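Descriptive structure summary
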Protein chains: 2
Amino acid sequence: MLSKKTKYGIKALSFMAKRKENTPIQISVIAESEKISLKYLEAILLTLKKAGILSSKKGKGGGYYLLKKPKEIKMSFIMRTLEGPIAMVPCVSLNYYEKCDDCPDEVSCSVHKLMIEVRDASLKIFNNRTLEDLLK
Amino acid sequence: MLSKKTKYGIKALSFMAKRKENTPIQISVIAESEKISLKYLEAILLTLKKAGILSSKKGKGGGYYLLKKPKEIKMSFIMRTLEGPIAMVPCVSLNYYEKCDDCPDEVSCSVHKLMIEVRDASLKIFNNRTLEDLLK
DNA sequence: TATTACCCTACTTAAACCATAGGGTAATAG
DNA sequence: CTATTACCCTATGGTTTAAGTAGGGTAATA
């Protein structure tokens, strides 16, 4: 299941990408428009800022703004930042690899290969789709 | 993330499919071999039985056995039975459709279309892979 | 008829998710 | 300089789900 965190994050980013000018936009504006809890959205945007997707400006007239063009923001990066690993099991994750504690041998594991297939299929989509693609 | 429930279920089914004869096999044998909690595995196999994948025989010499040939058991059915919806959001689920409460309009939702793509890619894999494929 | 092994219900623990509350702090306008 | 704005950070709690445990019931078989 996609978490609300990720969903809200994508919606907020889409909202920002949709605007004509990339001027700072207040959290409260996005929260109201997209019907997201203000405080929760604060935390999400902060995460995206730390990841390098967003930057912010303080004080009057301040707010958040995109650091890159929507076309340059891959969905795979957004997904990893908010949702975590794209793979369904840690033992096939490219960025968050971890050995399964219940698996003595990955090669003979019946689940392993199947999950690699699924990961590759998902990754293919997330790598080839950018924030811009979502606006259409 | 793939739940342990699903992972254990697939491992148990693979174990059964790997045997030469489809004679009843005791839960305890599978649990030991695959290092799965006995009681937990009981619940999982019961679910698979109710779904029509397995059947069981009581009394001495009893146990669980496959109702179909491994070749005839699609991974998509196993996944739906144990893991639930294959889609990442309810609003793009084929078998468990539900409207998103935070989404006024699916058509204009930026997440919707992306998740349909991901669902289709995953489904393509799960529909074209059977239990037999996992044994290789 | 005793044994075997499935069947069922309820409970516990731990973790993650989804917020909410409240204040701190930096930047800006005037 | 100072008040305001709006981001920044920490802590806390409710809810849900996953994962596993406990204990006994019941049907089938040798």
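Since this is a predicted model, take the numbers as computed values, not measurements.

The rules we used
- Residues numbered from 1 in each chain as written.
- Chains lettered and ligands numbered in written order.
- Predicted model: local features only at pLDDT ≥ 70, side-chain atom pairs only at ≥ 80, totals over all residues.
- Heavy atoms only, no water.
- Helix = DSSP H or I, 4+ residues; strand = E, 2+ residues; numbered from the N terminus.
- Buried < 20%, exposed > 50% of the residue type's maximum accessible area, 1.4 Å probe, protein only.
- Contact = heavy atoms within 4.5 Å.
- Salt bridge = Lys/Arg side-chain N within 4 Å of Asp/Glu carboxyl O.
- Near = heavy atom within 4 Å.
- Polar contact = N/O pair within 3.5 Å; in protein donor to acceptor, adjacent residues only side chain to side chain.
- Buried area = accessible area lost by both parts, 1.4 Å probe.
- Nonpolar A, V, L, I, M, F, W, Y, C, P; charged D, E, K, R; others polar.
- Pairing = 2+ DSSP bridges.
- Expected span 1.5 Å × (residues − 1).
- Arc of directions from axis to C-beta.
- Least-squares fit on C-alpha atoms with pLDDT ≥ 70 in both.

Take lysine 11 of chain A: it is sitting in helix 1 (residues 4-18). Assessed through its relative accessible area of 6%, lysine 11 of chain A is described here as buried. It is 10 Å that separates the C-alpha atoms of lysine 11 of chain A and serine 33 of chain A, two residues lying 22 residues apart in sequence. Beyond its immediate stretch of four places on either side in the chain, lysine 11 of chain A contacts Glu34 of chain A together with Asp102, Cys103, Cys109, Ser110 and Val111 of chain B.

For the rest of this paragraph, the subject is the pattern of salt bridges. Going through the model one piece at a time under the given rule, you end up with 8 salt bridges over all chains. Among the salt bridges present, the one from glutamate 42 of chain A reaches lysine 39 of chain A, with a minimum N-O distance of 3.8 Å. Here lysine 39 of chain A and glutamate 42 of chain A lie together in helix 3 (residues 38-50), a separation of 3 residues that amounts to about one turn. By relative accessible area, which is 32% here, glutamate 42 of chain A ends up partly exposed. For lysine 39 of chain A, a relative accessible area of 62% translates into the label exposed. Between aspartate 133 of chain B and lysine 136 of chain B there is a salt bridge, and its shortest N-O distance comes to 3.2 Å. For aspartate 133 of chain B, a relative accessible area of 21% translates into the label partly exposed. The exposure class of lysine 136 of chain B is exposed, given its relative accessible area of 65%.

As a further point, take the protein's contact with DNA strand C. The environment of DNA strand C is formed by 26 residues, the closest being Lys39 of chain A together with Glu42, Lys49, Ser56 and Tyr64 of chain B. Within 4 Å of the protein, the contacting atoms of DNA strand C are drawn from sugar and phosphate to the extent of 70%. Within the contact set of DNA strand C, a phosphate oxygen lies 3.4 Å away from a backbone nitrogen or oxygen of lysine 5 of chain A. At 2.9 Å, a side-chain N or O of tyrosine 8 of chain A approaches a phosphate oxygen of DNA strand C. Counting residues per element, the ones that place at least two in the surface near DNA strand C are helix 1 and helix 3 of chain A together with helix 3 (38-50), strand 1 (54-57) and strand 2 (63-66) of chain B.

Listed by partner, the interface residues are 34 residues for chain A and 34 residues for chain B. Together chain A and chain B conceal approximately 3200 Å² of surface at their shared face, both sides included; 64% is due to carbon and sulfur atoms. Note that arginine 129 of chain A and glutamate 117 of chain B form a salt bridge whose closest N and O atoms lie 2.8 Å from each other. For the pair chain A and chain B, the interface holds 8 residue pairs in polar contact (both at pLDDT 80 or more). Elements represented by at least two residues in the side of chain A that touches chain B include exactly helix 1, helix 4 (75-82) and helix 5 (110-128) of chain A. Sorting elements by how many residues they give to the side of chain A that touches chain B places helix 5 of chain A first, with 11 residues. Within the side of chain A that touches chain B, the residues separate by chemical class into 22 nonpolar, 3 polar and 9 charged.

Our next topic: the pairing of strand 2 of chain B. Residues and elements named next belong to chain B. As judged from the 4 bridges shared by strand 1 and strand 2, these two strands associate in the antiparallel manner. Residue pairing across strands places serine 55 opposite tyrosine 65, the latter belonging to strand 2. Hairpin connection of strand 1 to strand 2: 5 residues between the antiparallel strands, including glycine 59 at a positive phi of 75 degrees.

Residues and elements named next belong to chain B. For helix 3, spanning 13 residues, the distance from its first C-alpha to its last is 19 Å, which sits close to the expected 18 Å at 1.5 Å a residue. Looking at helix 3, one finds that the buried residues are Leu41, Ile44, Leu45 and Leu48. Buried residues in helix 3, looked at end-on, bunch into an arc of 95 degrees, giving them a common side. Opposite the buried face of helix 3, at more than 90 degrees from it, the exposed residues are Lys39 and Lys50. Lining the buried residues of helix 3 we find helix 1 (4-18), helix 2 (27-34), strand 1, strand 2 and helix 4 (75-82). A positive phi of about 95 degrees marks glycine 52, the residue just after helix 3.

Look at the two chain copies: a rotation about an axis and a shift along it is all it takes to match them. Overlaying chain A with chain B gives an RMSD of 0.1 Å, the required rotation being 180 degrees about an axis along which the chain moves by 0.0 Å. Here the two chains are linked by the operation of a two-fold rotation axis. Closest approach to the rotation axis among the C-alpha atoms of chain A is made by alanine 121 of chain A, whose C-alpha sits 3.0 Å away. Mapped onto chain B, 100% of the interface residues of chain A are again interface residues, and the two copies thus contact each other with one and the same surface.

A word on the environment of phenylalanine 15 of chain B. All names here are of chain B. Here phenylalanine 15 shows up in helix 1. Residue classification places phenylalanine 15 among the buried positions, given a relative accessible area of 17%. Considering only alpha carbons, one finds phenylalanine 15 and isoleucine 36, 21 residues apart in sequence, at a separation of 12 Å.

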